[in-house]
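Spelled out, the chains give:
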Amino acid sequence: MRIRNLLPVLIGATIVIAIVLYVAFYFIFLDLFVDLWWFRSLQYEAYFWLRLLYRFILSGGVTLFFFAVFYFHFWIASRYLGLNPPDAVLLDADKRRRFQRFADVFMSGSSKIYTPLSFLLAIFIAIPFYEQWEKGLLFFFGSSSGITEPVYGQDVSFYLLSYPIYMLIQQELLSTSIILFLLVGCLYWLEHIFVPNQSKEYPLGAKIHLSILLGFIVLFVVWGFLLERYSLLYVDSHEPVFFGPGFVEIRYLLPLIWLSIFTFLATAIAGMVFIFSEKHRIKLPLIISSLLFFAMLGLQKVELIPRLMTTFIVKPNPVKTEGIFMQYNIEATLDAYDLNNIKTIDFQVKLDATKDIEKWSTQKHFENIPVWDREFLNDVYMQLQGIRPYYRFPAVDEDRYFLNEHLQQVNLAAREMNIKKLPSEAQNWENTHLRYTHGYGAVVTPAAQDADKPIVWYLRDLNMTSDVGFKVKYPDIYYGQEHYQYAIVPNKLTVAGLSTSEADKRYAGRGGVPIPGYFRKILFAFYFRDEKIFFSTNISTRSKLMIRRNIIERINALTPYLHLDKDPYLVIGKDRLYWIQDAYTTSDKYPVSKLAEDDFLDGVQNFNYIRNSVKIVVDAYDGSVDYYIVEPDDPLIKAYSRAYPGVFKNLDEMPDELRKHLRYPRDLFYMQMKVYAKYHQITADLFYEQAETWQFATVDNKTVRPYFITMDFGNCNDKEEFVMINPMTPIHRDNLSMVGIASTLDHDKCGNSYDPSVTIYKFRKDVQVNGPAQVDALIDQDPDISEQFTLWDQHGSSVRRGRMIILPMDNSMLYVQPIYLLSTKTTIPELTRVIVSIGNQVVMDKTLWSAFQRLKKLFIKEVKESTGSGTTLGN
């Protein structure tokens, strides 16, 4: 009978244990094994264990700490300090036995009830620490930045590294103290009520215990008030004029916070005196201090006084009362967005451009002007160099290479694998994971091209034809921008003709997780929920599993605390292809700095501090990932580098062939210029007036975004620079105010060292300089150009204008705009003409050289006519 009764229990226990083991294996150990093998394949096994150890120590340590706090106080309360029944009770044996049983329940409760209760409460309190454990890591490994904010005199690193974790700790400790006070108070109340023949007064021990808990509450509330002071640095009530605290916050709210602290402490002291006073007679100090405390809290919520101060003090004298706070905002924002070291050059535009045209009349100046836009070029690459239906060019990049005896700007793109264009029956498991596993090679074209001619190729076709010296030993692309699924290579399949006429070479790289036997095969089958991995006979002991092959996904899995730029770019090395990815460290806690308005980083919003701290290199062939620090002064990357030794390398360790191709991130420059458009007005008077606020130049209601160009700007002894240009106009105007140029060249040494900088070419207010929209209007007003556009639009094609290039030339501004024809029968854009403009002269021709020569003749003619007639040139 006993066996029959136990059988259902045994079956149920077996099922429960099996379910627990399955869940633990599938959701914990399986992921742990796969991640460990993957990190090991990238030679980051020590880093893997270190991150796991940090997370375990910080999360586990916090849980253990709160468990000990809860358990200790419950254990103390369960002893019921001062529990001594009167003699009358002791004389009654029956009552004595009942009293002893009741007392034993409380005294033994710490092990039977308080242990699981303390554990559950500790987990509940520690949950925020599990999610934000990396903030604790920054706190422990952080260091001083050397920059002091002016309001409270704290180092900026305090706000970036310590303040977030302090806020979290204060909230959790305050919650813990309140929960303990309530639960322990209830416990004492139960003991006091149910223990027979107790006096009406609580024992001294219980009062002391509760007083200590109340003292902790007071301590953590005061700490909260002290931290609340720092929250004034992030108020946005003065937007859009300026960000941060103003006259009302510093002169009114801050004193109220201090008064709240003092009155709260007075209330707490008066409360203690009241509790321990005889028959609770001393009430008046408690009442007065409580009223004062709540009055201070109420005054912080009342809007009438701040409104009156704003109306009668601030608004009549805005710069006088809040000028200092505007200055704080300006200085903090410029530093937070790395805009402190911008060099400004007063660019004087001369009305007579003859000398500049004469000086620029050399072929060298036109070999790098990028007349092909990335958007149009992508279609050209797909149509002419896709070649096979399973190849695709996800993005077109810009770069510079030393070709034809000088630095030359090129467009390039990786030919990656994408089998979505194959017939549906071909998109099976074997083709997807064993056969169509990688892309192949790249295409390269010069940025400067002649119109109405076949496009020139520097690298093309699957046999990697190049007339300028491009040679790549391993052109296979196993890791790229496509959304790749897992691949298993090498395998036993004979794959012919995917990239060249010969059979594909067997994969010989070190990338991928080895699959030496059946144990890993079955684990990978469970991991991907795909039994074919285990049963496939084409997988050998030499095969390797490649996972996380999208470079963004790959980097995020390694370093989720770095925020990635949206535009990784391809670099062609001597041996293989590489991807370079810009990475940022960000924070929303830089004091008094304006919050960014654009979500230019995926998943990152409301930050007010950013540094392009790291350049990441991903090998397209074997997937190796290397991190190089380019902003060693950034407090955040310094903390991560200390926490994870060996992960981040110095920039000097980057191979020279890759360092030559580092560039200023396009999206970062755009975001910085958006901030600088207002914050270049560095005095409170100018900042308040906003008379010189800029905006991005526009053409046809489209923003002209920053673009790359390779040009000699006279900074380094005729050395060409790969820079980014960003034109801006006055707000609500179309004339040009400035041209920003972002460079990576060290202008002091003129070497190859990476030294990012921004230079602003600022135009004088007394001279009209055409903006892109005004040049666009000049093009529309030219009768010859308009007639040609109309003619093209009537013959089965449409005219599309490309991106307008704006270049400073000594004392003039050069405008270049490509013209494309799009046929209704094919999607291949054709570069058909190039428009060149200086001042009010506009010329359209087939080549930049010929257009510039025609423009030169027009200016010479205009100068002669104006000299003969005695008139003045107009710009």
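Residues numbered from 1 in each chain as written. Predicted model: local features only at pLDDT ≥ 70, side-chain atom pairs only at ≥ 80, totals over all residues. Heavy atoms only, no water.

## Focus: the layout of surface pockets
Remark: the empty space left among the atoms is shown by a probe the size of a water molecule rolled over them. Operational definition: Any residue with an atom within 4 Å of a point lines the site, the site being either a cavity, points on a 1 Å grid over the protein atoms alone where a 1.4 Å probe fits but cannot get out, or a pocket, an open set with protein on both sides within 12 Å along at least 5 of 7 lines. Grid points are joined across faces, edges and corners, and a volume is the space filled by probe spheres set on the points. In this text, helices come from DSSP runs of H or I with a minimum length of four residues, and strands from runs of E with a minimum of two, each type numbered from the N-terminal end. Three classes are used: nonpolar for Ala, Val, Leu, Ile, Met, Phe, Trp, Tyr, Cys and Pro, charged for Asp, Glu, Lys and Arg, and polar for all others, with Gly counted as polar.
Roughly 980 Å³ of volume is contained in the largest pocket. Residue lining of the largest pocket: 48 residues in total, with D338, N341, E631, D755 and P756 positioned closest to the centre. For the lining of the largest pocket, the elements supplying multiple residues, two or more each, are α6 (156-194), β1 (343-347), β15 (609-619), α18 (635-643), α20 (666-679), β22 (721-730), β23 (738-745) and β24 (754-763). Here the lining of the largest pocket takes seven residues from β24, the largest share from any one element. Broken down by class, the residue content of the lining of the largest pocket amounts to 25 nonpolar, twelve polar and eleven charged.

## Here's the deal with unusual backbone geometry
Peptide bonds are trans in most cases, and residues, glycine excluded, mostly fall at negative phi. The line we're drawing: Categorising residues by exposure relies on relative accessible area from a 1.4 Å probe, with only protein chains included: less than 20% of the type maximum marks a residue as buried, more than 50% marks it as exposed, and the intermediate range marks it as partly exposed.
In the segment running from E239 into P240, the intervening peptide bond is cis, with an omega of 5 degrees. Mapped onto the elements, P240 comes out in the loop between α7 (204-231) and α8 (247-276). Here the bond from V489 into P490 is cis, since omega is -15 degrees, no more than 30 degrees from zero. Note that P490 resides in the loop between β9 (487-489) and β10 (513-514). Here the phi dihedral of N701 falls at roughly 65 degrees; this positive angle occurs in a residue that is not glycine. Examined against the element boundaries, N701 turns out to sit in the loop between β19 (698-699) and β20 (702-703). Take N701: its relative accessible area is 80%, and that puts it in the exposed class. Although it is not a glycine, D810 adopts a positive phi angle of roughly 55 degrees.

## Digging into empty space enclosed by the protein
Counting across every chain of the model gives two cavities of 30 Å³ or more. Looking at the second largest cavity, its volume works out to about 30 Å³. If you go around the second largest cavity, the residues you meet are P370, W372, E398, Q409, N411, Y707, F708 and R803. Of all the secondary structure elements, the ones that give two or more residues to the lining of the second largest cavity are β4 (406-414) and β21 (707-711). Across the lining of the second largest cavity, the residue classes break down as four nonpolar, two polar and two charged.

## Considerations on the pattern of salt bridges
Put simply, the rule reads: Salt bridges are defined by distance alone: a side-chain nitrogen of Lys or Arg within 4 Å of a carboxyl oxygen of Asp or Glu.
Within this structure, the stated rule accounts for 34 salt bridges. Here R392 and E482 are joined by a salt bridge, their closest N and O atoms 2.6 Å apart. In this pair, R392 is assigned in strand β2 (residues 391-392) and E482 in the loop between β8 (476-477) and β9, connecting sequence segments 90 residues apart. A relative accessible area of 34% means that R392 is categorised as partly exposed. Given the relative accessible area of 6%, E482 is considered buried. The partner of E692 in a salt bridge is K762, with the nearest N and O atoms 3.3 Å apart. Here K762 lies in strand β24 and E692 lies in the loop between α21 (684-689) and β18 (694-696), a separation of 70 residues in the sequence. Given a relative accessible area of 24%, K762 falls into the partly exposed group.

## A word on the confidence of the model for the chain
Threshold: A score from 0 to 100, pLDDT tells how confident the predictor is in each residue. Residues count as neighbours in contact if any of their non-hydrogen atoms are within 4.5 Å of one another.
Taken residue by residue, the chain gives an average pLDDT of 86. The fraction at 70 or more is 86%. Mean pLDDT in the chain bottoms out at helix α3 (residues 87-91), which sits at 47, and peaks at strand β16 (residues 625-629), which reaches 97. Note on residues 86-91: pLDDT under 50 across the span, and six contacts to partners over four residues away in sequence or across chains. Between residues 869-875, whose pLDDT stays under 50, and residues either more than four places distant or in other chains, the model counts 14 contacts.

## Some thoughts on the nonpolar core
Soluble globular proteins: nonpolar side chains tend toward being buried together. The test is simple: The set of buried Ala, Val, Leu, Ile, Met, Phe, Trp, Tyr and Cys residues whose side-chain atoms join them within 4.5 Å is what this entry labels a nonpolar core.
Core analysis: the largest hydrophobic core is formed by 185 residues, its most contacted members being I572, I616, Y627, Y644, F648 and M673. The leading source of residues in this core is α6, at 14 residues. Non-local contacts of M673, meaning those with residues more than four positions away in its chain, are made with I342, F696, N726, M728, M738, V758 and I760. Grouped together as the second largest cluster of nonpolar side chains are 67 residues, F366, F763, I785 and L821 included.

## Some words on the environment of S78
On the secondary structure map, S78 appears in helix α2 (residues 45-78). Residues S78 and Y114, 36 residues apart in the sequence, show an inter-C-alpha distance of 9.2 Å.

## A short note on the packing of helix α22 (residues 772-781) against helix α23 (residues 783-793)
Note the following rule: Note on definitions: angles span 0 to 180 degrees between N-to-C directions of axes, and those axes are lines fitted to C-alpha atoms, for helices only across the stretch in contact. Should an angle fall under 35 degrees it is called roughly parallel, over 145 degrees roughly antiparallel, and 65 to 115 degrees roughly perpendicular, with every other angle called oblique.
One way to put it is that α22 packs onto α23 with a least axis distance of 5 Å and a crossing angle of 75 degrees. Taken together, the axes of α22 and α23 are roughly perpendicular relative to one another. For the pair α22 and α23, contact is made by I779, D780 and Q781 and by P783, I785, S786 and F789, respectively. Considering only residue class, the contact of α22 with α23 consists of four nonpolar, two polar and one charged.

## Overview of the sheet that holds strand β11 (residues 544-546)
For clarity, the threshold we go by: Strands qualify as paired when DSSP identifies two bridges or more between them.
The strand order across the open sheet formed by three strands is β9-β11-β10, and the pairing between neighbours is antiparallel. Edge positions in the sheet fall to β9 and β10, since each has one partner strand and no second. One ladder, built from two bridges, connects β10 with β11; its direction is antiparallel. The partner of P514 across the bridge, within β11, is K544.

## Quick notes on the pairing of strand β28 (residues 830-838)
With eight of nine residues buried, β28 is to be regarded as a mostly interior element. With eight bridges joining them, strand β27 (residues 812-823) and β28 adopt antiparallel strand pairing. Among the inter-strand pairings, I819 is bridged to a residue of β28, identified as R833. Between β27 and β28, which follow one another and run antiparallel, lie six residues.

## As for helix α11 (residues 318-336)
For clarity, the threshold we go by: Helices are assigned an expected span. That span is 1.5 Å times one less than the residue count. In this analysis the local bend is the angle between axes fitted, respectively, to the seven residues ending at and the seven residues starting at the residue.
Counted at 1.5 Å a residue, the expected span for α11 with its 19 residues is 27 Å, and the 25 Å between its end C-alpha atoms agrees. Helix geometry: α11 is bent most strongly at I324, by close to 40 degrees. Taken across its 19 residues, α11 has 15 buried, putting it largely inside the fold. Once α11 ends, the next one or two residues include D338, with phi positive near 60 degrees.

## What about the packing of aromatic side chains?
How two aromatic rings sit relative to each other is given by the distance of their centres and the angle of their planes. Threshold: Only Phe, Tyr and Trp rings are paired, with Trp represented by its six-membered ring, and only when their centres lie within 6.5 Å; those with planes under 30 degrees apart are stacked, over 60 edge-to-face, the remainder tilted. Over a ring means this: the NZ of a Lys or the CZ of an Arg is within 6 Å of the ring centre and within 35 degrees of the ring normal.
Applying the stated criterion across every chain, the model contains 63 aromatic pairs. An angle of 80 degrees between the planes, with centres 5.8 Å apart, marks the rings of F347 and Y761 as edge-to-face. Pair noted here: F347 is in strand β1 and Y761 is in strand β24, with a separation of 414 residues, a long-range link. One exposure class covers both F347 and Y761, and it is buried. The ring centre of Y230 lies 4.8 Å from the NZ or CZ of R229, which sits over that ring. Geometry around Y569 places R663 over its ring, the cationic atom sitting 4.0 Å from the centre.

## Things to note about the environment of A596
Its location among the elements puts A596 in the loop between β14 (577-587) and β15. Since its relative accessible area comes to 10%, A596 is described here as buried. Placed 79 residues apart in sequence, A596 and V675 show a C-alpha to C-alpha distance of 7.9 Å. Apart from the residues lying within four places of it in its own chain, the contact partners of A596 are Y337 and F607.

## Some points on helix α9 (residues 284-301)
With 18 residues, α9 should reach 26 Å at 1.5 Å per residue; the first-to-last C-alpha distance of 26 Å fits that figure. In this structure, the buried residues of α9 make contact with α7 and α8.

## Observations regarding the packing of helix α5 (residues 133-141) against α18
Relative orientation of the contacting elements α5 and α18 amounts to 90 degrees, with a least axis distance of 9 Å. It follows that α5 is roughly perpendicular to α18 by the angle criterion. In this structure, α5 contributes E134, L137, L138 and F141 to the contact, and α18 contributes L636, A639, Y640, R642 and A643. Within the contact of α5 with α18, the residues separate by chemical class into seven nonpolar, no polar and two charged.

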